[in-house]
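A closer look at the structure
Letter by letter, the chains look like this.
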Amino acid sequence: MRSSTLALKATTLLLFAAYANAFWRMPCVVSGLARIDPLKYYGTISEHMHAIHGSSGFSDSAGTTELLAGECTSCQVTQDKSAYWTPALYFQNSATSEFSLVNQVGGMLAYYLLRPNAGSPNVTAFPHGFEMIAGDTNQREFNYPVPDVDKSNWNVEPYNTQEFKRQAALGFNCLDYTNPAATEGSLYRHSLPDKAYLDAHCKSGVRFELMFPSCWNGKSTPDDKKSHMAYPSLVGEGDCPPDFPIRLNTLFFETIWDTHAFAGTDGQFVIANGDPTGNGYHGDFIMGWDEQFLQDASNQCTDLSGKIEDCPLFTIQPLGDSTACNIAESNIPAPIAKELAVGGATTLPGNPPIVYTGYASDGVAAAPSSSSAPAPVSSAPAASTSTSSEQPSSSVASDTQQAPSAPSAATSSVDPSQSATEASSTIATTSPSPAVTPAPAMQSSVSTQTYFSTEYQTKGQDVVEVLWVEDVVTVTATALSARKRHLHKHRRGVL
Ligand SMILES: *[C@@H]1O[C@H](CO)[C@@H](O)[C@H](O)[C@H]1NC(C)=O
């Protein structure tokens, strides 16, 4: 589609082979779009919509054991029955106020970066039962200078804090394959650019990036799924804090969203958790490997190419098997079995409030959205809170300085702290409304998609990207069939 298949095919833009660390890159396609989140909403419906990848054994109460028992995986290595999920991305059309799901390009990549502590040869594999969340769904601001100060300063206040590292672990990489000179480094930009900027500059979409913490305190996963882990000094590498001495696999998510499909249409992009800023992007992981196998792979799959094909331990399944693998239907809770992930309503699925600034309240899981659901609660951004320090770079300041245009429903400015209360009035108790979001017209006629990715290498302390292009034909099929399968699955109930 568009200009994606052009000139860059198999072109290496940057390559620094020296100092590269070993890693592998796990390609996964969507196994389901659903309001399921066993880490934060165990045994119930989650507040917002997720794009889920991995084992078919995923459910609202899945752990490592249940994932390992799943019949298949939507990732390409059959031994990987893990679960990887993030909120989905939506576009809200300002003329109609309706939300549409933004399509993923090529599924998701889960990088396993092998970065041992200084002086030790190997990383420690995620243990059986290991779970973690990276990012904070309530965050709506990046609280530090933009762009980042040089990493040589990350050992002093405030950059030596976990709070900085957590906020800096998000990336929104503006992609334009027609303009190699504009290639951005991973984790360069920590906020989602606004619609005008995306239209003008990100012609190949936006790659959402998320670095997970890799330093473990050695204790079992706590209820918050976070406090057992910490970032090393440079977020994705460096030294672990003393209380978190065990270096695990460094997990890094990349998902490309086809934001440019909405170029020229007025509206805003909103992450499924009601976040138009990007700062509340987050991701979840449940370990679904045999622990000893993952340790062996972490010791031995050290080819610098990052290709799963270069690890002799991995069994790689045909792409068709990955795309055919869905979350088992019996694992989808009845109240959301017919909920449409593709959008079409004037609220996000689950109706989380859209909050533009500050720190949002914890969400409450609402009933499946329907056309009669209440309008979204939105707090319009105050112009004065958009300071120049929040801009990705001076060249884009005039674009991103603009307050996002509030959707038509956002007529009242509501204190974000009230949002949970508002939302809780819509919560389903025992019998949620059976109303289902009507199926929207499918606007996506996807033609040839090229699958772009990055290699992730380091030169000293600088992370350097290698942009490259994978097999066009094969992964095109992946993206398409994943999407079709998905729409079919969710439309079945209403057709
Ligand atoms: C690290 O990996 C190497 C290569 O597989 C292996 O020989 C060695 O035993 C491992 N060391 C530890 C401590 O696991």
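A few points on the structure. (Residues numbered from 1 in each chain as written. Predicted model: local features only at pLDDT ≥ 70, side-chain atom pairs only at ≥ 80, totals over all residues. Heavy atoms only, no water.)

Quick word on the overall build of the protein chain
Each helix and strand in the protein chain was counted, giving 8 helices and 20 strands. By the burial criterion, 57% of the 495 residues in the protein chain qualify as buried. Of the contacts made within the protein chain by residues no fewer than 6 positions apart, 79% connect residues no fewer than 24 positions apart. A total of about 18300 Å² of accessible surface is found on the protein chain, and carbon and sulfur atoms cover 53% of it. (Helix = DSSP H or I, 4+ residues; strand = E, 2+ residues; numbered from the N terminus. Buried < 20%, exposed > 50% of the residue type's maximum accessible area, 1.4 Å probe, protein only. Contact = heavy atoms within 4.5 Å. Areas by Shrake-Rupley, 256 points an atom, 1.4 Å probe, with all protein chains shown as cover.)

Overview of the nonpolar core
Within the largest apolar cluster, 84 residues are counted, with the highest numbers of intra-cluster contacts made by Trp24, Tyr84 and Trp289. Looking at which element gives the most residues to this core, the answer is strand β7 (residues 104-113), with 6 residues. (Core = buried A, V, L, I, M, F, W, Y, C linked by side-chain atoms within 4.5 Å.)

Concerning the packing of aromatic side chains
A full pass over the atoms with the stated rule returns 30 aromatic pairs. Taken together, a centroid distance of 5.2 Å and an interplanar angle of 75 degrees make the contact between Trp24 and Phe314 edge-to-face. Taken together, the positions of Trp24 in strand β1 (residues 23-28) and Phe314 in the loop between α4 (291-300) and α5 (319-323) put the pair 290 residues apart, joining distant regions of the chain. Neither Trp24 nor Phe314 differs from the other in exposure class; each is buried. Aromatic pair Phe142 and Tyr144: ring centres 5.6 Å apart, planes at 65 degrees, arrangement edge-to-face. (Phe/Tyr/Trp six-rings, centres within 6.5 Å; stacked < 30°, edge-to-face > 60°.)

What about the sheet that holds β1?
Spatial ordering of the open sheet is given by β1-β7-β14-β10-β9, a layout of 5 strands whose pairing is antiparallel. Of all the strands in the sheet, the pair left with one neighbour each is β1 and β9 (170-174). Each strand axis lies, on average, 20 degrees off the axis of its neighbour in the sheet, ignoring direction. Here 6 bridges tie strand β10 (residues 206-211) to strand β14 (residues 250-257), and the two strands are oriented antiparallel to one another. Its bridge partner lying in β14, Arg207 is registered against Ile256. (Pairing = 2+ DSSP bridges. Axes fitted to C-alpha atoms, helices over the stretch in contact; angles between N-to-C directions.)

Some thoughts on the state of the cysteines
The bond known as a disulfide is covalent and runs between the sulfur atoms of two cysteines. The full count for this structure, using the stated rule, is 5 disulfides. The residue that forms a disulfide with Cys174 is Cys202, at a sulfur-sulfur distance of 2.1 Å. Negative torsions about the S-S bond denote left-handed disulfides, and the value of about -110 degrees found for Cys174 with Cys202 makes this one left-handed. Taken together, the positions of Cys174 in strand β9 and Cys202 in the loop between α3 (195-201) and β10 put the pair 28 residues apart, joining distant regions of the chain. Here Cys301 pairs with Cys311 through a disulfide, and the sulfurs are 1.9 Å apart. Remark: Cys311 occurs in the loop between α4 and α5 and Cys301 occurs in the loop between α4 and α5; sequence separation between them is 10 residues. There is no split in this pair, since Cys301 and Cys311 are both buried. Once the bonded cysteines of the protein chain are numbered in order along the sequence, the disulfide links fall as 1-3, 2-10, 4-5, 6-7, 8-9. (Disulfide = S-S within 2.5 Å.)

With respect to the site of the ligand
The environment of the ligand is made up of Asn122, Asn299 and Gln300. Note that a nitrogen atom of the ligand is positioned 2.6 Å from one of the side-chain N or O atoms of Asn122. Relative to its unbound accessible surface of 360 Å², the ligand loses 37% to contact with the protein. (Near = heavy atom within 4 Å. Polar contact = N/O pair within 3.5 Å; in protein donor to acceptor, adjacent residues only side chain to side chain.)

What to know about the pairing of strand β16 (residues 282-286)
Where a strand is regular, its side chains alternate between the two sheet faces. Among the 5 residues of β16, 5 are classified as buried, and the element is accordingly described as predominantly covered. Neither face of β16 is exposed, since His282, Asp284 and Ile286 on one face and Gly283 and Phe285 on the opposite face are all buried. In the sheet, strand β4 (residues 83-87) pairs with β16 via 3 bridges, with the strands oriented antiparallel. Paired with Ala83 across the strands is Ile286, a residue of β16. Note: strand β8 (residues 131-135) against β16, 5 bridges, orientation antiparallel. Its bridge partner being in β16, Ala134 is matched across the sheet by Gly283.

Quick word on the sheet that holds strand β5 (residues 89-93)
The sheet built from 3 strands is open, its strands ordered β6-β5-β15 with antiparallel pairing. Of all the strands in the sheet, the pair left with one neighbour each is β6 (99-101) and β15 (267-271). Sheet twist, expressed as the mean angle between neighbouring strand axes with direction ignored, is 30 degrees. The pairing of β5 with β6 spans 3 bridges and is antiparallel. The residue bridging Gln92 from the neighbouring strand is Phe99, located in β6.

Description of the environment of Asp266
Looking at the secondary structure, you find Asp266 in the loop between β14 and β15. Classification of Asp266 by relative accessible area gives exposed; the value is 58%.

Focus: unusual backbone geometry
With an omega of -5 degrees, the peptide bond between Val146 and Pro147 qualifies as cis. For Pro147, the location among the structural elements is in the loop between β8 and α2 (162-168). Following Glu157, the chain continues to Pro158 via a peptide bond in cis, the omega torsion being -10 degrees. Structurally, Pro158 is set in the loop between β8 and α2. Phi is positive for Leu187, which is not a glycine, with a value near 60 degrees. Its location among the elements puts Leu187 in the loop between β9 and α3. The residue Lys225 is not glycine, and still its phi comes out positive at about 60 degrees. Tracing the chain through its elements places Lys225 in the loop between β11 (215-216) and β12 (229-230).

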